[in-house]
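One letter stands for each residue in the lines below.
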Amino acid sequence: MEVKTSLLDNMIGVGDMVLLEPLSEDSFLENLKKRFDHNEIYTYIGSVVISMNPYRSLPIYSPEKVEEYRNRNFYELSPHIYALADEAYRSLRDQDKDQCILITGESGSGKTEASKLVMSYVAAVCGKGQEVNKVKEQLLQSNPVLEAFGNAKTVRNDNSSRFGKYMDIEFDFKGDPLGGVISNYLLEKSRVVKQPRGERNFHIFYQLLSGASDDTLKKLKLDRDFSKYNYLSLDSAVVNGLDDATSFRTVKNAMQIVGFMEDEIRSVLELVAAVLKLGNIEFKPESRCNDTDESRVRDKNDLKEMCELLGIEQTVLERAFSYRTVEAKLEKVSTTLNVAQAYYARDALAKNLYSRLFSWLVTRINESIKAQTKSRHKVMGVLDIYGFEIFEDNSFEQFIINYCNEKLQQIFIELTLREEQEEYIREGIEWTNIEYFNNAVICDLIENNQNGIMAMLDEECLRPGTVTDETFLDKLNTVCAEHQHFESRLSKNSKFLNDHSLPHSCFRIQHYAGKVLYCVEGFVDKNNDLLYRDLSQAMFKATHSLMKELFPEGNPSKVNLKRPPTAGSQFKSSVGTLMKNLQTKNPNYIRCIKPNDKKAAHIFTASLVCHQVRYLGLMENVRVRRAGYAFRQPYGPCLERYKMLCKRTWPHWRGPAREGVEVLMADLQVPTEEFSYGRSKIFIRNPRTLFFLEERRRQCLQDLATLIQKIYRGWKCRTHFLLLKKSQVVVAAWYRRYAQQKKYQRIKSATTVVQSYARGWQARKLLRELKHQKRCEEAVTTIAAYWHGTQARRELRKLKEEARRKHAVAVIWACWQGLKVRREYRKFFRANAGKKIYNFTIQRIMQKYFLGVKSGLPSMSPVDKNWPARPYRFLDAAHAQLRSIFHLWRCKKYRSQFSQERKAVYQEKLEASELFKDKKSLYPSSVSQPFKGDYLEISKNPKYQKLNSCVEEKVLLADVVNKINRANGKGASRILLLTKKNVVLADQKTGQVKASVALPDLISVSVSTQNDGFFALKLKEGSASAVKGDFLLSSEHLIETITKLHHIGSTASDDGEQLDINISDEFLVQFKQDKVCVKFIQAAPKNGNSASCKRKNNRLLEVSVPAATA
Ligand SMILES: Nc1ncnc2c1ncn2[C@@H]1O[C@H](COP(=O)(O)OP(=O)(O)OP(=O)(O)O)[C@@H](O)[C@H]1O
Ligand SMILES: [Mg+2]
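How each quantity is defined
- Residues numbered from 1 in each chain as written.
- Chains lettered and ligands numbered in written order.
- Predicted model: local features only at pLDDT ≥ 70, side-chain atom pairs only at ≥ 80, totals over all residues.
- Heavy atoms only, no water.
- Phe/Tyr/Trp six-rings, centres within 6.5 Å; stacked < 30°, edge-to-face > 60°.
- Helix = DSSP H or I, 4+ residues; strand = E, 2+ residues; numbered from the N terminus.
- Buried < 20%, exposed > 50% of the residue type's maximum accessible area, 1.4 Å probe, protein only.
- Lys NZ or Arg CZ within 6 Å of the ring centre and 35° of its normal.
- Near = heavy atom within 4 Å.
- Polar contact = N/O pair within 3.5 Å; in protein donor to acceptor, adjacent residues only side chain to side chain.
- Areas by Shrake-Rupley, 256 points an atom, 1.4 Å probe, with all protein chains shown as cover.
- Nonpolar A, V, L, I, M, F, W, Y, C, P; charged D, E, K, R; others polar.
- Contact = heavy atoms within 4.5 Å.
- Pairing = 2+ DSSP bridges.
- Axes fitted to C-alpha atoms, helices over the stretch in contact; angles between N-to-C directions.
- Patch = residues over 30% accessible without salt bridge, like charges linked within 9 Å, V, L, I, M, F, W, Y side chains within 5 Å.
- Salt bridge = Lys/Arg side-chain N within 4 Å of Asp/Glu carboxyl O.

Q: How do you make sense of the packing of aromatic side chains when you look at a structure like this?
A: What describes a pair of aromatic rings is the distance from one ring centre to the other and the angle between the planes of the rings. One pass over the full model with this rule turns up 39 aromatic pairs. For the ring pair phenylalanine 399 and phenylalanine 507, a centre distance of 6.2 Å and an interplane angle of 80° mean the geometry is edge-to-face. Taken together, the residues phenylalanine 399 in helix α14 (residues 396-427) and phenylalanine 507 in strand β14 (residues 506-511) connect sequence positions 108 residues apart. The same class applies to phenylalanine 399 as to phenylalanine 507, namely buried. Joined through ring pairs, the aromatic side chains of Phe396, Phe399, Phe472, Phe486, Phe507, Tyr518 and Phe523 make up one cluster. Positioned above the aromatic ring of phenylalanine 260 is the side chain of arginine 364, whose terminal nitrogen or guanidinium carbon lies 5.2 Å from the ring centre. Lying across the ring of phenylalanine 1031, arginine 966 places its NZ or CZ 4.7 Å from the centre.

This is the structure we're talking about:
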């Protein structure tokens, strides 16, 4: 089994100085030495880690060690920087507290190494993944880059940080790194141009010259030989244990990992090369007429190469090294530079160029490593600032560096010693105050805004008039002379120094870590940090893109006459910001101690260590810690952490947290002198008590974990079992259901079969019974029927017999009665019946006859000759009578429809009938011809207009007639007009009236009996018309003409005498004096069907009338 060293077990010396007995400076150093000798370089003072620089690599940083310390309690294992890193990381991740790791110690004590160890530990224990690993890699790889450009070999440290660095590593809620932000503090740029004896310039210069390929060097116009460069000190160019060439490759690789582009790396190296070249530019004086020297570049080759590298016009730079333009108000004055000034300008340019390049690198790294998400993150700050240092010649840089360390000491005092003691008082813990040295007074000496050294320096720099370092010292001598930590040769009130060998141009400050003698030379210049505008403008004009970026103030369009803040005030404000930042975070201290000045392993220089222990205030730290309590925690978190150790507080304590903690402590039987109850916290005196609690907690947690595991496993198994059981029940239920279904179906089908058989049997049985019953019923019915039938028939027979008998009786009776009646009837009938029957029969016949006549009546046409036949001869008379009555009735009906005109026509027709019917053969043919009267339409025909006008009366008849010549019997056509008074004969063609006979002159009209149209108008003898005798005429409308003539003649005669119509085949006519007989004879038809007339002799005129064709 792996045996782990606990802080308290198998300890070399004492792991936690708080536990040191007896406590004295000697025992303290003794303990440190003992541990150092046994390679135990880390020792605790409570939660503060003291780290001794071993100056050799120890096998205590392996991945196994990382795993060992991972997630372990701070006091659980032997002291290690990993324990502190783990504690900080875990409280950041689990308690959401921002952390800062404050690493302090003098130069070479191992701060940078410690910071790297912390970072590498955190990187090893935090989350993994492609993205997270990339972030980690970038964060870690930023170190070699910054070290190459910002670190240098000093007499105290071969890899001394010449800048302050504070790095915020940002984590997400899971504790995975998201990115980081680096802040850099004042690079010691004077090192670029000048290094103290035994020291080197920044590593990058040596690395570039050693590690770059020949090709790269050629491009950069560089030579591998360090000695060719003025800015590189030669005496310690090669450092033991440092392989510049390998480091160069590491740096280049690191730059690539961080995210620098190839051209960016090239630009950076070009600038580094340019600085080297710049150092080689030398000046020579050139006498001028006014007895002044003007500087001139001695060998222009380096200048040329530098200008080529940066893309600067050589003449511009050359001029900037010889002249200086001073702008006063709106005037520009150009003054010449002497050689010294030229060198000063050159070095100022080199320093500015390099320090700006360094700041650009930090900005560029920040760009790469900055967190990509804007979500809330936790921060772990690691502060690795240049350590307190005392050199032979201490200048402005050391002053700044040591001021920074004073501030850190101040914050340490603030947060540990003072804060701790104040906390005891605040919490009401009995406490005897421990004295310690508070360096606030030194900080005040330096930074006080009214009379602090920095304020004096700034005042001096800004003051008009001649300002020199000496005037500055004078000022200090007057203002700070009274201060107990300040001394100069002229200060009268030296309290702690009796060193009269103090040089004139120096002042001394008693820092917390020792007395440092500062030489004021260069203070004003360095604080001003001025670069001639001609130079910055020349740099801005460079075509090299990075150069332009580094010297923005050289842009002529952005000339700013305002003085930039001094280097000192810039540093002061950035340190102020840093302190404020640190105060917001939970501090974790690593106090680095340097065991010897020789940078050698295994050497423990007690005096040196003692000095550091003193000024770091470590003894006070232990005392405060010992006098107080090793551990404190608010009641809430304390109860939360240890509540599982007591049954009453586990799992929940309902009352106030303090009472819970009290119950807990009582239950655990912790001796009362081992702890105190503060107002809000419990204070545990001895770490051992804490270890005891932690151990109990660990065991308890294991038990709890086992319990949780047990319960979880039980729950899991039970759940699984229940699931299986449930599944089994479901499966069984389904199976049972299935089996039961099957069984049921079998039973059901069997039942159905049995049922069907039973039902069939039952049905058949029932059927049989029903059939039997039915048969029985039928049989009964049949029997009954037969029986009833027999009975009925018997009865019937009886009845029939009886009826026959009765009938026979009745028949006999009836016959007898009938015989009697018939005899009676015959007698009666013979007496009356004949007459009645006759009447009845006649009545019936008449009835039938009349009904027959009624139904068989002919049509209503008067000409209809039909009439039903008479049924009996004795009805002849009545039948004829009825026929006549019906005919008259229908004639009457017929007549009643007539209009007046039509009536007149029929009257005429009637008259014609009376005149000619059965008297003249022509008559029948005329019956159907209507009497038109005006055949010539005389009134309308214009031809007869004249004739019409001659006739006064209304023309009743106008027709064409043949007038028979009296002499020869030939016919000539004449118009016959008949009016009420006259008969007019006119010429047919001319219409001339030939003869007009007044009707009273007409005595008779003669016509034949035959079928001809001849008629003779007999005139009254002696009348005017009878001059030529009677007229013999022939007309096609004879019947009409004669009828009209007869009608008019009778109305025209004065005496109402009717015109005589003589119908005979022979009549006499008077032709002039002759009486001529007109004789009608029947002849064979000839020349058509018309009658012909011929004068036979004087007495005879023969008219041949064709025999009428049947
Ligand atoms: N834990 C360690 N293990 C091995 N060697 C170490 C350790 N710490 C420091 N060193 C050695 O000490 C040297 C100086 O350490 P480091 O550079 O960290 O000092 P520093 O405190 O940062 O000094 P400065 O203030 O000058 O920067 C290192 O180069 C290394 O060789
Ligand atoms: Mg360092």
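Next, the rest of the story.
Q: Would you mind going over the site of ligand 1 with me for this structure?
A: The immediate surroundings of ligand 1 are formed by 19 residues, with Asn53, Ser107, Lys111, Thr112 and Ser160 found nearest. Within the side chain of serine 107, a nitrogen or oxygen atom sits 2.6 Å from an oxygen atom of ligand 1. Between ligand 1 and the protein, one listed contact pairs an oxygen atom with a side-chain N or O atom of serine 160 at 2.5 Å. Protein burial of ligand 1: of its 620 Å² of free accessible surface, 88% is covered by the chains. Of all elements in the fold, only α4 (111-125) and β5 (160-161) reach the threshold of two or more residues within the shell around ligand 1. Counting residues per element, the shell around ligand 1 draws most heavily on α4, which supplies three residues. Residue composition of the shell around ligand 1, grouped by class: four nonpolar, 11 polar and four charged.

Q: Explanation requested: the environment of valine 297 in the structure shown.
A: As for its position among the elements, valine 297 is in strand β9 (residues 293-297). Spatially, the C-alpha atom of valine 297 lies 6.9 Å from that of isoleucine 281, the residues being 16 residues apart in sequence. Once residues lying within four places of it in the same chain are set aside, the contact partners of valine 297 are Ile281, Glu282, Phe283, Lys284, Leu303 and Glu318.

Q: Would you take a moment to explain the sheet that holds strand β15 (residues 514-519) for this structure?
A: Strand pairing in a sheet takes place through backbone hydrogen bonds and is either antiparallel or parallel in direction. Taking strand neighbours across the sheet as the criterion, the three strands line up as β13-β14-β15 in an open arrangement whose pairing is antiparallel. The open sheet is flanked by β13 (486-488) and β15, the only strands paired with a single partner. The sheet shows a mean angle of 25° between the axes of neighbouring strands, direction not considered.

Q: Mind showing me how you'd approach a nonpolar patch on the surface here?
A: Judged by side-chain polarity, Ile708, Tyr712 and Trp715 come together as a nonpolar surface patch covering roughly 360 Å² of accessible area. Summarising the element assignment, tryptophan 715 is placed in helix α26 (residues 687-855). The partly exposed category is assigned to tryptophan 715, whose relative accessible area is 46%.

Q: In this structure, what is going on with helix α23 (residues 618-627)? I would like to understand it.
A: Helical geometry: 3.6 residues make up each α-helical turn, so side chains three or four residues apart lie on a common side. A large share of α23 lies buried, amounting to seven of its 10 residues. Leu618, Met619, Glu620, Asn621, Val622, Val624 and Arg625 are the residues of α23 that are buried.

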